[in-house]
Amino acid sequence: MTTDVLLKENERIDDLQRNNYKIIQDPNRFCFGIDAVLDIDGRVYQENEFDVIEDVYAPGRAVMPVTQSINGENLIVKNNSQCRFSDRVNVSDSDYVSNIMQICNVNGSVCVDSITNTDDGIDIQGVVETVIMYVSQKDDAPFGSVRSTTPFNFRVDVNGMTAEGDYNCSIHHSLMQLNYNMSGNGEIDIKGIIGFDVTVCRKIEEELITGIENGECDMEKYKSMPGIVMYYAKHGDRLWDIAKKYNTTVSNIKQVNELQRDEIEEGEALMIVKKI
C-alpha cells in the first residue's frame, strides 16, 4: 500500500486573498517583503491492491456466479515532464527604458487555457504571465514593473490513448525556472521551464463476482462427455479454461500429466480425465 500526497497552489496572483496581504517596501535595500495567504488544494490518494474472483465453476455441478458492476480506473501513465519557453519583451516604445536603472526581480505564473485529449497524447495550451520589477530613476516612483504574456504549447505523450476514450487526467503544473537578461535596444529576454506532473487513468467498468447460486446440473450431458480426452493446447490456452471445459480441475490435469508448472505451451499434448 502506498500513499501519495499532491499539493497544488493557485498560481495566479489574482487568486491571492487580497484582504490578507500587505506589501512592505524598504527603499534602502530595494526589495519587497510580502505577507500573503494562499489557498492550497490538498489531495491524499491511497492505493490498495486486493485479489478478486474472475471465474468460478464446480465439476459435475451447476453453479451460477452472482456479479455486480463496479466503476474503476486503470492507471495508464504517471510522469513528470518539462516544457521550455522563451520570450523577448520589447519596451523600447515606452518611457520604461529611460527610467530603468536595474532589474531587481522577475516573477511568473502559469495559466493553462486548454487541455485536449488526442491520439497517443495530451495537448496543453496556456500562457506564462510575467511581472518584471525594476528600480526606477524617478524619485516619486522608485520602483516600477513591466508585464508580459508568453504563450506556450506542450504535448504529453501517452501511448495507447485515444481522442474518443473516457479518461481521468490529473495535471499539476509549476514554474520551475525563470531567467531574465537585459539586452540592448530596449529588450528583455525571458527564458524558463514549466514542470508538469501528469497522471492519466482510463475509466473502466468491471463485473465482479459477489456470490454463487446453485443451479440444476444436466446429468445426461455430463454423463455423455468422454471420460478421457487427448487435448492439444492452442495459443492463449490456460489450464483453468481447459479444466472448466472438460469438467475437471487444474490440479487433476497437472497430476495426470505430471506438470510442475501452471503455464502450457502451444501444441503441448494433455491427457484430460473427467472428474467423477
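Everything that follows concerns the structure shown earlier in this document.
Residues numbered from 1 in each chain as written. Predicted model: local features only at pLDDT ≥ 70, side-chain atom pairs only at ≥ 80, totals over all residues. Heavy atoms only, no water.

Trainee: Can you walk me through the nonpolar core in this structure?
Mentor: For soluble globular proteins, nonpolar side chains are generally found buried alongside one another. One finds Ile122, Ile132, Phe152, Ile194, Phe196 and Val200 to be the most contacted residues of the largest nonpolar core, which totals 28 residues. Those elements that place two or more of their residues in this core are strand E5 (62-90), strand E6 (100-118), strand E7 (121-136), strand E8 (143-157), strand E9 (167-183) and strand E10 (187-215). Ile194 has contacts with Ser81, Gln82, Cys83, Phe85, Val110, Val128, Phe152, His173, Ser174, Leu175 and Met176, leaving out every residue within four places of it along the chain. If you look at the next biggest cluster of nonpolar residues, it comprises 13 residues, including Tyr57, Val229, Tyr246 and Ile272. (Core = buried A, V, L, I, M, F, W, Y, C linked by side-chain atoms within 4.5 Å. Buried < 20%, exposed > 50% of the residue type's maximum accessible area, 1.4 Å probe, protein only. Helix = DSSP H or I, 4+ residues; strand = E, 2+ residues; numbered from the N terminus. Contact = heavy atoms within 4.5 Å.)

Trainee: How do you make sense of the sheet that holds E7 when you look at a structure like this?
Mentor: Pairing within the open sheet is antiparallel, and its three strands lie in the order E6-E7-E8. Each edge of the open sheet is held by one strand with a lone partner, namely E6 and E8. Direction aside, neighbouring strands of the sheet carry axes that sit 15° apart on average. Where E6 lies against E7, 16 bridges are found, and the strand directions are antiparallel. Bridged to Ser109 within E7 is Glu129. (Pairing = 2+ DSSP bridges. Axes fitted to C-alpha atoms, helices over the stretch in contact; angles between N-to-C directions.)

Trainee: What is the right way to read the packing of aromatic side chains from this model?
Mentor: The geometry of an aromatic ring pair comes down to the distance between the two centres and the angle between the two planes. If you walk through the whole model with that rule in mind, you get four aromatic pairs. Seen in terms of ring centroids, Tyr57 and Trp240 are 5.1 Å apart; in terms of plane orientation they differ by 80°. Their pairing is edge-to-face. Of the two residues, Tyr57 is situated in the loop between strand E4 (40-47) and E5 and Trp240 in helix H3 (residues 239-245); the sequence distance between them amounts to 183 residues. Look at Trp240 and you get partly exposed, because its relative accessible area is 31%. When the centroid spacing of 5.9 Å and the interplanar angle of 65° are considered together, the rings of Tyr231 and Tyr246 count as edge-to-face. A residue pair is termed long-range when its members are at least 10 positions apart, and Tyr231 in strand E11 (residues 228-232) and Tyr246 in the loop between H3 and helix H4 (250-256) qualify at 15 residues. A relative accessible area of 9% means that Tyr231 is categorised as buried. (Phe/Tyr/Trp six-rings, centres within 6.5 Å; stacked < 30°, edge-to-face > 60°.)

Trainee: Can you walk me through the state of the cysteines in this structure?
Mentor: Chemically, a disulfide is nothing more than a covalent bond linking the sulfur atoms of two cysteines. Scanning the model with the defined rule gives zero disulfides in all. Looking at the unpaired Cys201, the closest cysteine sulfur is the one in Cys169, lying at 8.5 Å. Judged by its relative accessible area of 12%, Cys201 is buried. (Disulfide = S-S within 2.5 Å.)

Trainee: Mind showing me how you'd approach the environment of Thr118 here?
Mentor: Mapped onto the elements of the fold, Thr118 is located in strand E6. Thr118 gets classed as buried once you look at its relative accessible area, which sits at 17%. Put simply, Thr118 and Asp157 are 39 residues apart on the chain and 9.6 Å apart in space, counted from C-alpha to C-alpha. Other than its neighbours up to four places away in sequence, Thr118 contacts Asp123, Arg155, Met161, Thr162 and Ala163.

Trainee: Can you help me understand the sheet that holds E5 in this one?
Mentor: Each strand in a sheet pairs with another by means of backbone hydrogen bonds, the pair being arranged parallel or else antiparallel. Spatial strand order, E5-E10-E9: three strands in an open sheet with antiparallel pairing. Since the sheet does not close on itself, it has two edges, and those belong to E5 and E9, each with one partner. When strand polarity is set aside, the average angle formed by the axes of neighbouring strands in this sheet is 5°. As paired elements, E9 and E10 share 16 bridges and run antiparallel to each other. If you follow Cys169 over to E10, its bridge partner there is Val200.

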